[in-house]
Structures are given as structure tokens and as C-alpha cells.
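Observations on chain architecture
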Amino acid sequence: MHGLYELKPEQDQSEFEQAFTAYAKQLYDMGLNIGWQSFSRRPHPGYNLAPPDQEGLVAMFFEDDEQANRCWDVVSADEEPIASLHRGVNQKVTNISFFYSDVNTHNV
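These numbers come from a predicted model, not from an experiment.

On to the packing of helix α1 (residues 13–29) against helix α3 (residues 82–90), then. It is the contact of α1 with α3, at a shortest axis distance of 8 Å, that shows an interaxial angle of 150°. The angle between the axes of α1 and α3 places the two elements in the roughly antiparallel class. Like other packed secondary-structure pairs, α1 and α3 cross with a definite hand, here left-handed. Two secondary-structure elements touch here, α1 through F16, A19, F20, A22, Y23, Q26 and L27 and α3 through I82, L85, H86, G88 and V89. Class assignment for the residues of the contact of α1 with α3 results in nine nonpolar, three polar and no charged.

Listed below in C-alpha cells is the structure:
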């Protein structure tokens, strides 16, 4: 899963990172992902061809579609212990866009 976002004006990146890490780690501890990353877009004269409006990007990685679907089911059920952690992430961001993708290349 990849997500693009903008921080709300009163939020800073470190607060978002703490909230996202707590959320992703809880999912990991429940066996619902195999890892996650967070990125911030930065200007570059060569790499920034038609960049998205959002500055932030998160990624959550899954073993397979089955794990991804189980994760989706748990998050969308909006029950604890995930519900408050998910809200804790979402209350810090705006202009959210996310999508699921296949992994086509694996590096070793």
C-alpha cells in the first residue's frame, strides 16, 4: 500500500512519524504487514518530473494479497486496538491518496 499525504498546518513530521510508526508496528505485531517506510518528497532538478501535490509518502508492505486483505479488513472494521492508532495518523494529515500495488521486482 502506498499513501500520499500533506501534513495539516499545526502538525510536524516527527509527530506524524511517531503516530504512523505506532500504527504500522501494531499491525506488524498482529501479523498484518511485513514492514513499512515513510518518505518526504524533496526538490531535485532532474527527478521531479510532474511530481504529485503531496509532500509525504508512506508504504506498507505485505507478504501477499491474503495478508493485505486481512489488514484491510481489520483497519476497516474500525475496532481497537487499531481504530485509535489509525485515527491518530489520519488526524495529522490532509489531501490523502492511497493505493495498493503489486511488487513486480524483488531485490536480493
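Okay, back to it.
Along the polypeptide, L57 turns up in strand β3 (residues 56–61). Classification of L57 by relative accessible area gives partly exposed; the value is 25%. Spatially, the C-alpha atoms of L57 and I82 are 20 Å apart, while their sequence positions differ by 25 residues. Every residue in contact with L57, bar those within four places of it in the chain, is listed here: H2, G3, L4, Y5, Q37, S38 and F39.

Generally speaking, a soluble globular protein has its nonpolar side chains buried in company with each other. Counting 17 residues, the largest nonpolar core has F16, F20, Y23, L27, M60 and C71 as its most contacted members. Secondary structure elements with two or more residues in this core: α1, β3, α2 (65–76) and α3. Here this core gets six residues from one element, more than from any other, and that element is α1. The residues contacting M60, other than those within four sequence positions of it, are M1, F20, Y23, A24, L27, N33, G35, W36 and C71.

What follows deals with the layout of surface pockets. In this approach, a probe sized like a water molecule rolls over the atoms, and the result shows the empty space that is left. Roughly 490 Å³ of volume is contained in the largest pocket. Lining the largest pocket are 24 residues, and of these M1, Y23, W72, H86 and F98 sit closest to its centre. Listed by contribution, the elements that provide at least two residues to the lining of the largest pocket are β1 (2–7), α1, β3, α2, α3 and β4 (93–99). Classifying every residue of the lining of the largest pocket by side-chain character gives 19 nonpolar, five polar and no charged. In this structure, the second largest pocket spans a volume of roughly 310 Å³. F61, F62, S101, D102 and V103 are, among the 14 residues lining the second largest pocket, the residues nearest its centre. In terms of residue class, the lining of the second largest pocket is built from seven nonpolar, three polar and four charged.

Take the side chain of Q67 next. As for its placement among the helices and strands, Q67 is situated in helix α2. In this structure the side chain of Q67 is engaged in a polar contact, spanning 2.6 Å, whose partner is the backbone nitrogen of E63. Discounting residues that sit within four places of it in the chain, Q67 has contacts with G31, L32, N33, I34, F61 and F62.

The strand order across the open sheet formed by four strands is β2-β3-β1-β4, and the pairing between neighbours is antiparallel. Two strands lie at the open edges of the sheet, namely β2 (35–40) and β4, each paired on one side alone. Ignoring strand direction, the axes of neighbouring strands in this sheet form an average angle of 15°. Pairing of β1 with β4 involves five bridges; the strand directions are antiparallel.

Reading guide: rules and limits
- Residues numbered from 1 in each chain as written.
- Predicted model: local features only at pLDDT ≥ 70, side-chain atom pairs only at ≥ 80, totals over all residues.
- Heavy atoms only, no water.
- Axes fitted to C-alpha atoms, helices over the stretch in contact; angles between N-to-C directions.
- Helix = DSSP H or I, 4+ residues; strand = E, 2+ residues; numbered from the N terminus.
- Parallel < 35°, antiparallel > 145°, perpendicular 65-115°, else oblique.
- Left-handed = near helix turned anticlockwise from the far one by under 90°.
- Contact = heavy atoms within 4.5 Å.
- Nonpolar A, V, L, I, M, F, W, Y, C, P; charged D, E, K, R; others polar.
- Buried < 20%, exposed > 50% of the residue type's maximum accessible area, 1.4 Å probe, protein only.
- Core = buried A, V, L, I, M, F, W, Y, C linked by side-chain atoms within 4.5 Å.
- 1 Å grid on protein atoms, 1.4 Å probe; cavity = no way out; pocket = protein on both sides within 12 Å on 5 of 7 lines; lining within 4 Å.
- Points joined across faces, edges and corners; volume = space filled by probe spheres on them.
- Polar contact = N/O pair within 3.5 Å; in protein donor to acceptor, adjacent residues only side chain to side chain.
- Pairing = 2+ DSSP bridges.

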